[in-house]
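Fold and geometry: a report
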Amino acid sequence: MGFISLILIWMLWPIFLIILAISVILPILGVALNVAAVILFILNLLFFLLLLLLRRNWKQAGMMDRMYIDSFTGFRRFSLQSVKLLFTFGLVWEVLVMLGCVAFLVFQPLDALTEMLQL
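A few words now on the overall build of the chain. The helix and strand tally for the chain stands at five helices and zero strands. Shown N-terminal to C-terminal, the secondary structure of the chain runs as helices and strands in the order α-α-α-α-α. A burial count over the chain gives 16% of its 119 residues as buried. In the form shown here, the chain has an accessible surface area of approximately 9,300 Å², with 79% of it arising from carbon and sulfur atoms.

Another aspect to go through is the packing of aromatic side chains. Here the structure, examined in full by the defined rule, presents two aromatic pairs. Each ring, one from Trp58 and one from Phe87, has its centre 5.6 Å from the other, and the planes form 75°; the classification is edge-to-face. Of this pair, Trp58 sits in helix α2 (residues 33-60) while Phe87 sits in helix α4 (residues 75-107), and the two are 29 residues apart along the sequence. The exposure class assigned to Phe87 is buried, which follows from its relative accessible area of 8%. Look at Tyr68 and Phe72: their rings are 5.2 Å apart centre to centre, the planes differ by 80°, and that puts the pair in the edge-to-face class. Given the relative accessible area of 22%, Phe72 is considered partly exposed.

Our next topic: α4. For α4, with 33 residues, the first-to-last C-alpha span of 46 Å sits near the 48 Å given by 1.5 Å per residue. Taken residue by residue, α4 has Leu80, Phe87, Gly90, Leu91, Glu94, Val97, Met98, Cys101 and Phe104 as its buried positions. Following α4 by one or two positions, Gln108 adopts a phi angle in the positive range, close to 50°.

Turning next to the side chain of Asn44. Here Asn44 lies in helix α2. If we ignore the near neighbours within four places in the chain, the residues touching Asn44 are Glu94, Val97 and Met98.

Residues Phe48, Leu51, Phe87, Leu91 and Met98 constitute the largest nonpolar core, which totals five residues. At the level of elements, α2 and α4 are the ones that each hand at least two residues to this core. Ranked by the residues each element gives to this core, the list is headed by α4, at three residues. Look past the residues within four positions of Phe48 in its chain and what remains in contact with it is Leu91, Glu94, Val95 and Met98.

The α-helix winds at 3.6 residues per turn, so residues separated by three or four positions along the chain end up facing the same way. For α2, spanning 28 residues, the distance from its first C-alpha to its last is 40 Å, which sits close to the expected 40 Å at 1.5 Å a residue. One or two steps after α2, the chain reaches Gly62, where phi turns positive at roughly 80°.

Below, the discussion takes up a nonpolar patch on the surface. Together, Val35, Val38, Ile39, Ile42, Leu43, Leu45, Leu46, Leu49 and Leu52 give the surface a local cluster of nonpolar side chains, amounting to about 750 Å² of exposed area. Within the fold, Ile42 resides in helix α2.

To continue, consider the pattern of salt bridges. Two side chains of opposite charge can pair, provided their charged atoms sit close to one another. Counted under the stated rule, the structure contains two salt bridges. Across the salt bridge formed by Arg66 and Asp70, the nearest N and O atoms sit 4.0 Å from each other. Of this pair, Arg66 and Asp70 both sit in helix α3 (residues 66-70), four residues apart, roughly one helical turn.

What counts, and where the lines are drawn
Residues numbered from 1 in each chain as written. Predicted model: local features only at pLDDT ≥ 70, side-chain atom pairs only at ≥ 80, totals over all residues. Heavy atoms only, no water. Helix = DSSP H or I, 4+ residues; strand = E, 2+ residues; numbered from the N terminus. Buried < 20%, exposed > 50% of the residue type's maximum accessible area, 1.4 Å probe, protein only. Areas by Shrake-Rupley, 256 points an atom, 1.4 Å probe, with all protein chains shown as cover. Phe/Tyr/Trp six-rings, centres within 6.5 Å; stacked < 30°, edge-to-face > 60°. Expected span 1.5 Å × (residues − 1). Contact = heavy atoms within 4.5 Å. Core = buried A, V, L, I, M, F, W, Y, C linked by side-chain atoms within 4.5 Å. Patch = residues over 30% accessible without salt bridge, like charges linked within 9 Å, V, L, I, M, F, W, Y side chains within 5 Å. Salt bridge = Lys/Arg side-chain N within 4 Å of Asp/Glu carboxyl O.

Any functional reading would require information that these geometric values do not contain.
Below you can see the structure in the form of structure tokens.
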């Protein structure tokens, strides 16, 4: 389990740096992190709807059926399987990001931290 955590930290460290930079730069510019969270939520919602529409069109065309994918060999089969997985995991990822934005907006962790540090 610790190995998986190390891999995730290794893969996601650029995101941590971006979040850190945003949390430092936005207050200097006078933009609240709440505004950034709302914008991120809206963009992720639009991308989620786009992925959902593309997945639905692929499914209606029969391109996500196992028999259709198994009819190909080699690179094309691997590509179709990859796209099928990416649609599924992409939708799950977008839902998780949107839930994170909503949780940030509901709980306001940075406000609680600043209040705690001012005491």
